[in-house]
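Tertiary structure, described
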Amino acid sequence: MYFYLFPPILVTICLFSGISVPTIALSYSSFDDIWPKYEIFDNGNLSLFISLPPDWKVDIDPIDESVSNIITVNAPQSSPYIQPGKLNIGIENLEPNTTLLEYSQVAKSVLASRLNDFELVDAIPLNISSLSGERILFTHKENNKTVQVMQIWLTDETTAYIVTFATKPSSYGYYNPILNRIVSTIDITNHKLHHPSSKLLNYTYFMSPHGFEFFYPNDWILTEGKNRLSFVSKQSGPADRYLERMDIYYNLSNSTMPISSKIEHVSLNQQLLKEIEFLMTNLSNLSIASINNINNSKVHGKELLYTYDSNIGPTTVREFLFADRHNAVLLAFSTNYNEFDDISEEIQLILNSFRFLDN
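What counts and how
- Residues numbered from 1 in each chain as written.
- Predicted model: local features only at pLDDT ≥ 70, side-chain atom pairs only at ≥ 80, totals over all residues.
- Heavy atoms only, no water.
- pLDDT = per-residue confidence, 0-100.
- Contact = heavy atoms within 4.5 Å.
- 1 Å grid on protein atoms, 1.4 Å probe; cavity = no way out; pocket = protein on both sides within 12 Å on 5 of 7 lines; lining within 4 Å.
- Points joined across faces, edges and corners; volume = space filled by probe spheres on them.
- Nonpolar A, V, L, I, M, F, W, Y, C, P; charged D, E, K, R; others polar.
- Core = buried A, V, L, I, M, F, W, Y, C linked by side-chain atoms within 4.5 Å.
- Buried < 20%, exposed > 50% of the residue type's maximum accessible area, 1.4 Å probe, protein only.
- Helix = DSSP H or I, 4+ residues; strand = E, 2+ residues; numbered from the N terminus.
- Pairing = 2+ DSSP bridges.
- Axes fitted to C-alpha atoms, helices over the stretch in contact; angles between N-to-C directions.
- Expected span 1.5 Å × (residues − 1).
- Bend = angle between axes of the 7 residues up to and from the residue.
- Salt bridge = Lys/Arg side-chain N within 4 Å of Asp/Glu carboxyl O.
- Phe/Tyr/Trp six-rings, centres within 6.5 Å; stacked < 30°, edge-to-face > 60°.

Take the confidence of the model for the protein next. Summary statistics for the protein give a mean pLDDT of 76 and a share of 74% for residues scoring 70 or more. This stretch, residues 61-68, has a pLDDT under 50; its non-local contacts, to residues over four places away or in other chains, come to 22 contacts. Within the model, pLDDT remains below 50 along residues 254-266, and this stretch shows 32 contacts once partners closer than five positions in the same chain are excluded.

The following block contains the structure:
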């Protein structure tokens, strides 16, 4: 039998290598009115909910393709004597009928074989949200420095939910009470029961009759056109000339949008090329900054980042082309070039909540 294991070495390497990733926000709601609560989807019907201290910064970290929805959380350095820690959360697909005993045995074996001077300090059984698992504490050497790691895994025969924290041994005692509270917030449940009933703070739920749903900021104003939804931010004052907006084009297979070919016959790459051709023809001083693939447990598609000159001046646009078996949707976020970074959190929250409805 072969199944994947999320290797904690990928977490602990980052402690001393100086590797950094862009900080973004995930979907959240309030926890005890103090800690944000994050929802991480797997590829089926379950979600992992976890609450984190508000000053712990959350990053997307695609370090292993076998593990979906990996996030890295950077614990702040509260004093010169405390080594910053890193928390990783991931959802791993297993071969069917993998037992907890099998997973735990292979996990420890892989840790011992991959990590230098691996030493298992403690291991205890764990039960959370009707799932069984194990919590282990171990040390190993990385770049001749000792790292102390706490790792939890919970399994349901097809999926492993993994939480890993790493720091220096001298700092672990400081973080231990915080880790215990974080672990106590873990909730693994059917996301169809919680989504969309679990509200995002200051966000409104929207479900389209055309087969998709998402959250958007409460103060953004909705207008509708043919095969189009527009959400425009509220003007903050007379000097606010550059209203942030999100335009969503749906039913692309039947619309007159530039990417109008039927999606069952045209790939996302071809649709993206059609969109770029349209932009080059119709936008002034177009400059394409990046093109990326988007693949997670809810949607897959293409991301296009570009700038052009509009009636509000230099404008930045971040487009996302998503498709399922029956439809394609284009999301375009835009505002003035100098203010685009200000809406990065809203963009990420909307994207993390977007999904196609079951057909």
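Here we take up empty space enclosed by the protein. Per the counting criterion, the structure on display carries one cavity of 30 Å³ or more. Of the volumes computed, that of the largest cavity is approximately 40 Å³. As for the largest cavity, its lining consists of ten residues, of which L272, L304, E319, L321 and L330 are closest to the centre. Residue classes in the lining of the largest cavity are distributed as six nonpolar, no polar and four charged.

Here the focus is the nonpolar core. L87, F165 and I186 are the most contacted members of the largest nonpolar core, which has 32 residues in total. Element by element, the count of residues in this core is highest for helix α3 (residues 169-184), at five residues. Not counting residues up to four positions away in its chain, the partners in contact with I186 are L48, F49, I50, I128, S129, L154 and V163. Of all hydrophobic cores here, the second largest spans 27 residues; its members include Y216, F231, I248 and I343.

All right, on to the pairing of strand β16 (residues 245-249) then. With four of its five residues buried, β16 lies for the most part within the structure. In terms of strand pairing, strand β15 (residues 228-232) meets β16 through five bridges, oriented antiparallel. Each residue of the ladder has a partner; that of F231, found in β16, is M246. Note: β16 against strand β20 (residues 328-336), five bridges, orientation antiparallel.

Adjacent strands of a sheet pair through backbone hydrogen bonds, lying either parallel or antiparallel. As summarised here, the arrangement of the seven strands in space is β14-β15-β16-β20-β19-β18-β17, forming an open sheet in which the pairing is antiparallel. With one partner strand each, in any of the chains shown, β14 (221-225) and β17 (284-295) form the two edges of the open sheet. Across the sheet, the mean angle from the axis of one strand to that of its neighbour is 15°, orientation sign disregarded. Looking at chain direction, β17 and strand β18 (residues 300-310) are connected through nine bridges and run antiparallel.

With 16 residues, α3 should cover 22 Å at 1.5 Å per step; its first-to-last C-alpha distance of 22 Å lies within 8% of that length. At Y175, α3 shows its largest bend, some 50°, and a proline, P177, comes one to four positions later. By the burial criterion, the buried members of α3 are S171, Y172, Y175, L179, I182 and V183.

With that out of the way, let us pick up unusual backbone geometry. Of note in the backbone geometry, D117 takes a positive phi value of approximately 55° without being a glycine. The class for D117 is exposed, based on a relative accessible area of 55%. Despite not being glycine, N227 shows a phi value in the positive range, around 55°. Inspection of the secondary structure puts N227 in the loop between β14 and β15.

Turning next to the environment of T189. You can see T189 is positioned in strand β11 (residues 187-190). Separated by 141 residues in sequence, T189 and L48 have C-alpha atoms that sit 6.8 Å apart.

Any two side chains of opposite charge can pair, so long as their charged atoms come close to each other. Across all of its chains, the model carries five salt bridges by this definition. Between D247 and R245 there is a salt bridge whose closest N-O contact spans 2.8 Å. What makes D247 buried here is its relative accessible area of 8%. We classify R245 as partly exposed; its relative accessible area is 28%. Between E303 and R318 there is a salt bridge, with its nearest N and O atoms 2.6 Å apart. Within this pair, whereas E303 is found in strand β18, its partner R318 is found in strand β19 (residues 313-323), the two being separated by 15 residues in sequence. When its relative accessible area of 10% is taken as the criterion, E303 is described as buried.

Taking 1.5 Å of rise per residue, the 15 residues of helix α2 (residues 100-114) would be expected to cover 21 Å, and the 21 Å separating its terminal C-alpha atoms lies within 8% of that figure. Against β6 (86-93), β7 (116-128), β8 (131-142), β9 (145-155) and β10 (159-167) lie the buried residues of α2.

One pass over the full model with this rule turns up 20 aromatic pairs. Plain terms: the ring middles of Y216 and F231 are 4.6 Å apart, the flat faces sit at 50° to each other, and that makes the pair tilted. Of this pair, Y216 sits in strand β13 (residues 212-217) while F231 sits in strand β15, and the two are 15 residues apart along the sequence. By relative accessible area, Y216 is classed as buried at 11%. The exposure class of F231 is buried, given its relative accessible area of 0%. Every member of this aromatic cluster is reached through a ring pair, and the members are F206, F212, F214, Y216, F231, Y250, F320, F322, F333, F354 and F356.

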